[in-house]
Amino acid sequence: MQFSGEELTPKRIFNYVFGLYLITLGVAFSIKSGLGSAPVSSIPYAMDLIWLINIGVATFIFHAILVLIEWILLKKDFKRKHFLQVFVGVLFGVFTSFSVSLMAFIPPADNFAVALLMSVLSIFLIALGLFFYVPTNLIPLSVEGVTQAIAIVSNRPFSKVKVYIDITIVATALALSYGFLGQFGSVGIGTILGALFIGTTVKYIHKLNLHLTGNHVDLKKM
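Rules used throughout
Residues numbered from 1 in each chain as written. Predicted model: local features only at pLDDT ≥ 70, side-chain atom pairs only at ≥ 80, totals over all residues. Heavy atoms only, no water. Helix = DSSP H or I, 4+ residues; strand = E, 2+ residues; numbered from the N terminus. Rg over C-alpha atoms; globule rule 2.2 N^0.38 Å. Buried < 20%, exposed > 50% of the residue type's maximum accessible area, 1.4 Å probe, protein only. Contact = heavy atoms within 4.5 Å. Areas by Shrake-Rupley, 256 points an atom, 1.4 Å probe, with all protein chains shown as cover. Axes fitted to C-alpha atoms, helices over the stretch in contact; angles between N-to-C directions. Parallel < 35°, antiparallel > 145°, perpendicular 65-115°, else oblique. Left-handed = near helix turned anticlockwise from the far one by under 90°. Nonpolar A, V, L, I, M, F, W, Y, C, P; charged D, E, K, R; others polar. Salt bridge = Lys/Arg side-chain N within 4 Å of Asp/Glu carboxyl O. Expected span 1.5 Å × (residues − 1). Phe/Tyr/Trp six-rings, centres within 6.5 Å; stacked < 30°, edge-to-face > 60°.

A count of helices and strands for the protein gives 8 helices and 2 strands. Relative to the 2.2 N^0.38 estimate, which gives 17 Å for 222 residues, the radius of gyration of the protein is 17 Å and therefore close to what a compact globule would have. For the protein, the spread of C-alpha atoms along the principal axes amounts to about 45 × 40 × 30 Å. Split into buried and exposed, the 222 residues of the protein put 50% on the buried side. For the protein, the proportion of contacts with a sequence separation of at least 24, taken over those separated by at least 6, is 74%. Total accessible area on the protein is roughly 10800 Å²; 71% of this is exposed by carbon and sulfur atoms.

Turning our attention to the environment of serine 177. The topology assignment puts serine 177 in helix H7 (residues 158–181). We classify serine 177 as buried; its relative accessible area is 0%. For the pair serine 177 and threonine 59, spaced 118 residues apart in the sequence, the C-alpha separation amounts to 16 Å.

Turning our attention to the packing of helix H6 (residues 142–154) against H7. The interhelical angle for the contact between H6 and H7, taken along N-to-C directions, is 125 degrees, at an axis separation of 9 Å. Comparing the axis directions of H6 and H7 gives the class oblique. The two elements H6 and H7 cross, and the hand of that crossing is right-handed. Of the residues in H7, those touching H6 at Val143, Glu144, Val146, Thr147, Gln148, Ile150, Ala151 and Ser154 are Phe158, Val161, Lys162, Ile165 and Ile169. Class assignment for the residues of the contact of H6 with H7 results in 8 nonpolar, 3 polar and 2 charged.

Taken as a whole, this structure holds 3 salt bridges when the rule is applied. Close ionic contact of aspartate 77 with lysine 76 constitutes a salt bridge, the shortest N to O distance being 3.9 Å. Taking relative accessible area as the criterion, aspartate 77 reaches 49% and is therefore assigned partly exposed. Of the charged contacts, one joins glutamate 144 and lysine 162 as a salt bridge, the two residues approaching to 2.9 Å between their closest N and O atoms. Placement of glutamate 144 in helix H6 and of lysine 162 in helix H7 is noted, with a sequence separation of 18 residues between them. Summarising the burial analysis for this pair, glutamate 144 and lysine 162 share the class buried. One connected set of salt bridges, linked through shared partners, spans Glu144, Lys162 and Asp166.

The end-to-end C-alpha separation of helix H1 (residues 10–33) is 34 Å, in line with the 34 Å expected for 24 residues at 1.5 Å each. Directly after H1, the chain includes glycine 34, whose backbone phi takes a positive value near 80 degrees.

Taking 1.5 Å of rise per residue, the 20 residues of helix H3 (residues 55–74) would be expected to cover 28 Å, and the 28 Å separating its terminal C-alpha atoms lies within 8% of that figure. Buried within H3 are the following residues: Ile55, Gly56, Ala58, Thr59, Phe62, His63, Leu66, Val67, Glu70 and Leu74. Where H3 is buried, its residues contact H1, helix H2 (39–51), helix H4 (85–102), H6 and H7. Lysine 75 occupies a position one or two residues after H3 and carries a positive phi of about 55 degrees.

With that settled, consider the packing of aromatic side chains. This model, assessed by the stated rule, comprises 9 aromatic pairs. When the ring of tyrosine 21 is compared with that of phenylalanine 95, the centres are 5.7 Å apart and the planes differ by 90 degrees; the resulting orientation is edge-to-face. Of the two residues, tyrosine 21 sits in helix H1 while phenylalanine 95 sits in helix H4, which places them 74 residues apart along the sequence. Grouped by ring-pair contacts, the aromatic residues Phe14, Phe18 and Phe132 constitute a single cluster.

In this section: unusual backbone geometry. With a phi close to 55 degrees, lysine 75 is a non-glycine residue in the positive phi region. Tracing the backbone shows lysine 75 in the loop between H3 and H4. Lysine 75 sits in the exposed class, given a relative accessible area of 61%. Although it is not a glycine, asparagine 155 sits at a positive phi angle of roughly 55 degrees. Here asparagine 155 lies in the loop between H6 and H7. Of the residues examined, asparagine 155 reaches a relative accessible area of 64% and is grouped as exposed.

Functional significance is not addressed by these values, which are geometric in nature.
Structure (structure tokens):
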């Protein structure tokens, strides 16, 4: 069986699901740190704080909006399989809710150093998750779908566009939080660190993998 012109192997499916889950685990650690949510969840988390929408539902709404933006960007190059990103948003929302619930078993950060360590772990987990799931070329999360679309249209590296996208998402979450709550809300120093370093961390994971295995991983494949 083939999907996107490639054989749909168990390894490909595992890398996809495992990568998605690693991202949600990174999101959960970022929220647990108390230093602001990860960029990918900063807008859904702001929606949760402002309108009391369950973070899983808010994640689905956010991803549906991004799919629409991606459709506008790619125009005739937007493939029918990309509409499935809306349903992947549901899976991602479920994973996020589950990962956040797991954090109840971990004691809250009692000092800044522990909180910062959680934020750094969040950045690494999200970057590693991206490295696993994006190259499978199955159905990208809409955040990565938009990132890939801009990388293709602008002919710029995925890792660099990822930084721009994360910064834009964080700025939007900050505007929502400050506009409705009068405070930073879902955005903190951990969110800013994530926006600045997740894309860069993906780049270095890719370089390390290339050095160790000799395999180049295509992060712009759609």
